[in-house]
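Read off the chains here:
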Amino acid sequence: MKIINPLTLLFLLSFVTAHAQVSFPKGTQSLNGSVYYYENSDKNSTKTTSYPSGTSYKNGQAAVSVEWGHFIKHNLSLNTGIYGNYVLSENSYSYWNNLNGGSQTSKNSNSTFEGLLGLGLTKYYPIGKSNFAFAIVTSIRGGMGRNFLRQNNSFGTDNKTTYNVFSGYVYVAPQLLYLITPKWSLTGTFGGVSYRYSKTFSLGNDDYEAARSRFFSSLGINSFSIGMAYFINH
């Protein structure tokens, strides 16, 4: 049985729902809260008599946000926010070691906790005369956090290292808004495009420093955000 993408389902419902058209007069303010989740993983194994091996990886991200919005136009909101972010990356590799006649596994994990401040714009496009609106969300975010790196293998080696990290994001995502009442709405996004730049540096005096950048794009139920918004003077 084919499962309908939630974004598609909400879009179809917009044609059978006919309350008041979504409209936000200039000067309207909003308080928004949301949670975000993303996960992507894969496993691959080769089973041969002489050299069995396997690899796996898992990437994930979870976030919470609180934003304050001010409508500078009837369909354009300027937002400032505070964000808590958790990023995880794990990978493992297992293979047969002929020297000891056993399987050896190497596993690495990299996790980051960070607090961010952000500024962005949200442009709304009402869908007909329904209580639905499509929106484009944009945001620039930056902040500090801690990075935890762990490396271990079947020989008993277990290395743990902690770093400071600075991160900056540029984020764009499609959003669907459902106006429950004139003052309350439900929002949802399924995917988006983001660019993340991070600089990791040591806590001690060893002058370790590493910079990384990543472009990320996804669209689907494995990457989603659900939130609520309360409107003031509306």
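Residues numbered from 1 in each chain as written. Predicted model: local features only at pLDDT ≥ 70, side-chain atom pairs only at ≥ 80, totals over all residues. Heavy atoms only, no water.

**Here's the deal with the confidence of the model for the protein chain**
To keep things clear, this is the line we draw: As a per-residue measure, pLDDT reflects the predictor's confidence and takes values from 0 up to 100. Put simply, DSSP marks the helices as runs of H or I at least four residues long and the strands as runs of E at least two long, and each gets a number from the N terminus on. Contacts: residue pairs with any heavy atoms within 4.5 Å of one another.
With 76% of its residues at a pLDDT of 70 or more, the protein chain has an overall mean of 81. Mean pLDDT per element in the protein chain: helix α1 (residues 6-13) is the minimum at 47, and strand β7 (residues 184-190) is the maximum at 91. Note on residues 1-20: pLDDT is under 50 here. Beyond four places in sequence and across chains, it has 25 contacts.

**What to know about the packing of aromatic side chains**
Stated precisely, the cut-off is as follows: Note on ring pairs: Phe, Tyr and Trp rings are taken, using the six-membered ring of Trp, and paired if centres are within 6.5 Å. Classes follow the plane angle, with under 30 degrees stacked, over 60 edge-to-face and the rest tilted. When accessible area is computed with a 1.4 Å probe and restricted to protein chains, residues below 20% of their type maximum are described as buried, those above 50% as exposed, and intermediate ones as partly exposed. Lysine NZ or arginine CZ positioned within 6 Å of the ring centre and within 35 degrees of the ring normal marks a charge as sitting over the ring.
On inspection of all chains with the given rule, the structure shows 10 aromatic pairs. Here the aromatic rings of Y86 and F113 are separated by 4.7 Å at their centres, their planes lie at 35°, and the arrangement is tilted. With Y86 in strand β3 (residues 76-97) and F113 in strand β4 (residues 102-126), this pair connects stretches of sequence that are 27 residues apart. Using a relative accessible area of 45% as the deciding quantity, one classes F113 as partly exposed. Pairwise contacts between aromatic rings join F24, F71, Y124 and F231 into one cluster. The positively charged end of R141 is found above the aromatic ring belonging to Y83, 4.0 Å away from the centroid. Above the ring of Y171, the side-chain terminus of R141 is found at 4.8 Å from the ring centroid.

**Focus on empty space enclosed by the protein**
Convention followed: Buriedness for pockets is judged along seven lines, at least five of which must meet protein on both sides within 12 Å for an open set on the 1 Å grid over protein atoms alone, while cavities are sets there where a 1.4 Å probe fits but cannot get out, and lining residues have an atom within 4 Å of a point. Grid points are joined across faces, edges and corners, and a volume is the space filled by probe spheres set on the points. Note on residue classes: Ala, Val, Leu, Ile, Met, Phe, Trp, Tyr, Cys and Pro are nonpolar, Asp, Glu, Lys and Arg are charged, and everything else, Gly too, is polar.
Applying the stated criterion across every chain yields a total of two cavities of 30 Å³ or more. The space that makes up the largest cavity amounts to roughly 40 Å³. Around the largest cavity, the lining residues are V22, S23, F24, H74, N75, Y124, P126 and A133. Of the residues belonging to the lining of the largest cavity, the class tally is five nonpolar, three polar and no charged. Taken as a whole, the second largest cavity encloses approximately 30 Å³ of empty space. Those elements that place two or more of their residues in the lining of the second largest cavity are β3, β4 and β5 (132-153).

**Comments concerning the pairing of strand β6 (residues 158-179)**
What counts, and what does not: Pairing between strands requires that DSSP locate at least two bridges from one strand to the other.
When β6 meets strand β8 (residues 192-202), the two strands line up antiparallel, connected through 10 bridges. If you follow V172 over to β8, its bridge partner there is V193. Pairing analysis gives four bridges linking β6 to β7, with the strands arranged antiparallel. In the sheet register, Y178 faces β7, and the bridge partner there is L186. Where β6 hands over to β7, the hairpin turn is made up of four residues, counted between the paired strands.

**Details of the side chain of R141**
Which entries qualify depends on this criterion: Positive charges come from Lys and Arg, negative ones from Asp and Glu, while His and the chain ends are left out of the count. Salt bridges are defined by distance alone: a side-chain nitrogen of Lys or Arg within 4 Å of a carboxyl oxygen of Asp or Glu.
Looking at the element boundaries, R141 is found in strand β5. Among buried Asp, Glu, Lys and Arg side chains, R141 stands out as unpaired, with E67 the closest opposite charge at 4.5 Å.

**Considerations on the nonpolar core**
Proteins that are soluble and globular tend to have nonpolar side chains buried together. Rules: Buried Ala, Val, Leu, Ile, Met, Phe, Trp, Tyr and Cys residues that are joined via side-chain atoms within 4.5 Å together make up what is termed a nonpolar core.
Judged by nonpolar contacts, V22, F24, F71, Y124, A133, A135, L177, L179, A229 and F231 together constitute the single largest core of 10 residues. Mapped onto this core, the elements with two or more residues apiece are β5, β6 and β10 (223-232). Setting aside residues up to four positions removed in sequence, A135 forms contacts with T122, K123, Y124, A173, P174 and Q175.

**Considerations on the pattern of salt bridges**
A complete count under the given rule lists two salt bridges for this structure. Of the charged contacts in the structure, one is a salt bridge between E114 and R196, with a shortest N-O distance of 3.6 Å. With a gap of 82 residues between them, E114 in strand β4 and R196 in strand β8 connect regions that are remote in the sequence. Grouping residues by exposure puts E114 and R196 together as buried. In this structure, E209 and K199 form a salt bridge, with 3.7 Å as the shortest nitrogen-oxygen distance. Note that E209 is positioned in strand β9 (residues 209-218) and K199 in strand β8, a separation of 10 residues in sequence. Residue classification places E209 among the exposed positions, given a relative accessible area of 53%.

**Considering the environment of V66**
With respect to the secondary-structure elements, V66 resides in strand β2 (residues 53-73). Along the backbone, V66 and M228 are 162 residues apart, and their C-alpha atoms lie at a distance of 10.0 Å.

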